[in-house]
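Below are the chains, spelled out letter by letter.
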There are 2 protein chains.
Amino acid sequence: MTASPLSPSLSANALMIRKLDTIFPLSNDEKQALMELPIQLVKIDTGKDIVRLGERPQQSCLILKGFTCVYKLSVGGKRQIMALHVPGDIPDLQSLHLEVMDISIATISACTVGFLQHVDILRMCERHPRLTAALWRETLIDASIYREWLLNIGQRDSYARVAHLLCELLIRLRAVGLVENHAFDLPITQEEMADTIGISAVHVSRTFQALRANGLIETTRTRIYLPDWEGLKEAGEFDPLYLHLRNAP
Amino acid sequence: MTASPLSPSLSANALMIRKLDTIFPLSNDEKQALMELPIQLVKIDTGKDIVRLGERPQQSCLILKGFTCVYKLSVGGKRQIMALHVPGDIPDLQSLHLEVMDISIATISACTVGFLQHVDILRMCERHPRLTAALWRETLIDASIYREWLLNIGQRDSYARVAHLLCELLIRLRAVGLVENHAFDLPITQEEMADTIGISAVHVSRTFQALRANGLIETTRTRIYLPDWEGLKEAGEFDPLYLHLRNAP
DNA sequence: CGATCGCTTGATGTTGATCAAGTGCGGTGG
DNA sequence: CCACCGCACTTGATCAACATCAAGCGATCG
């Protein structure tokens, strides 16, 4: 981790509030408490581990910029990516109550993250019990996404899997204002996407081509455009219920 | 749900305490609070839904006897089972903070379950903040199991998938005293196992035969014996870290 | 300006799906 | 107590989706 500590920022807390507010209604009092939560900013290069399996972190990280992934390796060395996280997410919030990491978390693009000390979070939650519920709810939505991904990988073919993942990313990124006209930055290689949905990288390439041919996606190097939202939703059997957003899209 | 309400029981609360205590150290005070939690017992036949996608339950259910599964259907009608739950588990604890069910839960054998009203749970948690942490932790372990299952389905072949699932069930059942000499009741059809690990029922049958041939399992109608625990663990790449048990097996 | 990385393309191989026809066990009813 | 029925499981044959291997291409970056 090539970390360059910065000074505490305004916008980190604001982003956290914005994200939390999409899943749980926050009072002004609670927003104020969140604004006062100390956050230490760090920049991290692409492809670095933020935290590793087996570690016992005293902090959780808030993504401010870039994408990260949660992953595990099988004995044969194959990688499964269990989750992708985008700005506003706290990929290892679970470590607040699960001492030993059962996963690793890595950046898949250049990232800025903010570290939240567990002691600070716990103190805040003591004073504001509804914030406990809000953060608990956030971890429950993570679990809901895992469930949907199990359905995706277990039962759908590769075409639907890719379509579903793209639908989910659009909705999640839109919630934090990172989508313009059904287009967004997607700093993820086909190999990473392959490890995410359980197919080979070669087959991701072929599947992308099929989606392009059907007018469901248009891609440039790091950006993706979804010209036919209804068509993509249907292809991916996508229903955003499982994201539990307050203002359901 | 062919429900026949029974009188409040002693053992339901005791089972809940026993299970929680395997993942979180409980004080006598907290155990007392759990003993006082009202639990309404209900018997449910095989193959009935306990709660369905889209519902907004005011209660969660504690499994006392039998197995249940968490599932979703794909548009094509294929079923993915995302979780199996055994006595001591609370399969829909998430509904405490996620109003709308994003999954359905069904019995896969004759079950006795106990219903816990959300208001009662919340009141108990207010008075005993460490119990909030304990229950939160329980939902985090559910999420950890989802992650491991993603790795299982996404990266391992059918032989390893079955082996892994059997290893997990042994450990989880042992924690609640339902294993004798590496043998336990397994009231699950091969079709259900197929929907759990994302392969076809026919292939489950063949995989079982391969495991039998290698001396890793012996089965009767409803019971399974694991004669070569080390061998099975290796076949399933099983490491129980992700179950976050206090007395790691 | 070469090197590297990510993507593409084609050829071949394998796992596991699907279809279809049995088999055996347990439970049910006569 | 026995005969029957149904369901779970088994077995064999064929097929499809996707993996793997290998080579080439194009853009980005030092």
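Residues numbered from 1 in each chain as written. Chains lettered and ligands numbered in written order. Predicted model: local features only at pLDDT ≥ 70, side-chain atom pairs only at ≥ 80, totals over all residues. Heavy atoms only, no water.

As annotated in an unreviewed UniProt entry, chain A carries the name Crp/Fnr family transcriptional regulator and comes from Billgrantia bachuensis.

K.L.:
Just checking my understanding: could you explain the domain arrangement of chain A for this structure?
P.N.:
Often, the extent of an interface is quoted as the loss of accessible area on bringing the components together. Residues and elements named next belong to chain A. Along its sequence, chain A is carved into domain 1 (11-128) and domain 2 (149-243). Averaged C-alpha coordinates put domain 1 and domain 2 at centres separated by 23 Å. Every contact between the two is made by 17 residues of domain 1 and, on the other side, 20 residues of domain 2. Approximately 1500 Å² of surface area, both sides summed, lies buried where domain 1 meets domain 2, with 62% of it carried by carbon and sulfur atoms. Among the residues domain 1 hides against domain 2, the three largest losses belong to Phe67, Arg79 and Leu84. Together they make up 37% of the total. (Domains from an automatic or database assignment. Contact = heavy atoms within 4.5 Å. Buried area = accessible area lost by both parts, 1.4 Å probe.)

K.L.:
Whenever I open this one, the sheet that holds strand β10 (residues 223-225) of chain B confuses me. Can you help?
P.N.:
The strands that make up a sheet pair up through hydrogen bonds in the backbone, lying either parallel or antiparallel. Residues and elements named next belong to chain B. Strand order in this open sheet of three strands is β8-β10-β9, and the pairing throughout is antiparallel. Looking at the sheet topology across the chains shown, the edges are occupied by β8 (183-185) and β9 (218-219). Contacts between helix α5 (residues 158-175) and the sheet are confined to β8 and β10, with β8 contributing the most and set at about 85° to the helix. (Pairing = 2+ DSSP bridges. Helix = DSSP H or I, 4+ residues; strand = E, 2+ residues; numbered from the N terminus. Axes fitted to C-alpha atoms, helices over the stretch in contact; angles between N-to-C directions.)

K.L.:
I would appreciate a short explanation of the protein's contact with DNA strand D in the present structure.
P.N.:
If you check the shell around DNA strand D, you find 16 residues, and the closest are Ile199 and Ser200 of chain A together with Gln190, Ser205 and Gln209 of chain B. Among the atoms of DNA strand D close to the protein, meaning within 4 Å, 71% are from sugar or phosphate groups. Between a phosphate oxygen of DNA strand D and a main-chain N or O atom of Ser200 of chain A, the distance comes to 2.8 Å. Every element with two or more residues in the surface near DNA strand D is listed here: α7 (201-213) of chain A together with α7 (201-213) of chain B. Considering each element in turn, the surface near DNA strand D owes the most residues, five residues, to α7 of chain B. Taken together, the residues that form the surface near DNA strand D break down as three nonpolar, eight polar and five charged. (Near = heavy atom within 4 Å. Polar contact = N/O pair within 3.5 Å; in protein donor to acceptor, adjacent residues only side chain to side chain. Nonpolar A, V, L, I, M, F, W, Y, C, P; charged D, E, K, R; others polar.)

K.L.:
So what exactly am I meant to see when it comes to the protein's contact with DNA strand C here?
P.N.:
Around DNA strand C lies a shell of 16 residues, among which Gln190, Ser205 and Gln209 of chain A together with Ile199 and Ser200 of chain B are the nearest. A breakdown of the atoms of DNA strand C within 4 Å of the protein gives sugar and phosphate a share of 69%. With respect to DNA strand C, the side chain of Ser205 of chain A contributes an N or O atom lying 2.7 Å from a phosphate oxygen. Between DNA strand C and Gln209 of chain A there is a distance of 2.5 Å, counted from a phosphate oxygen to a side-chain nitrogen or oxygen. Counting only elements with at least two residues in the surface near DNA strand C, the list comes to α7 of chain A together with α7 of chain B. By residue number, the principal contributor to the surface near DNA strand C is α7 of chain A, which donates five residues. Residue composition of the surface near DNA strand C, grouped by class: three nonpolar, eight polar and five charged.

K.L.:
Where do I start with the interface of chain B and chain A in this structure?
P.N.:
Opposite the 45 residues of chain B that make contact, chain A presents 45 residues. Taking both sides of the interface into account, the surface hidden between chain B and chain A amounts to around 4200 Å²; carbon and sulfur atoms contribute 69%. Sorting the residues of chain B by area buried against chain A places Trp136, Arg147 and Leu150 of chain B first, and these three jointly supply 20% of that buried surface. At the boundary of chain B with chain A, the tally comes to six salt bridges. One salt bridge connects Lys72 of chain B with Glu148 of chain A, and the closest N-O pair in it is separated by 2.3 Å. At the junction of chain B with chain A, the criterion picks out 26 residue pairs in polar contact (both at pLDDT 80 or more). Sorting the residues of the side of chain B that touches chain A by element identifies β4 (68-73), β5 (79-85) and α4 (129-155) of chain B as the ones contributing at least two each. At 19 residues, α4 of chain B tops the list of elements feeding residues into the side of chain B that touches chain A. Its residues assigned to classes, the side of chain B that touches chain A shows 23 nonpolar, twelve polar and ten charged. (Salt bridge = Lys/Arg side-chain N within 4 Å of Asp/Glu carboxyl O.)

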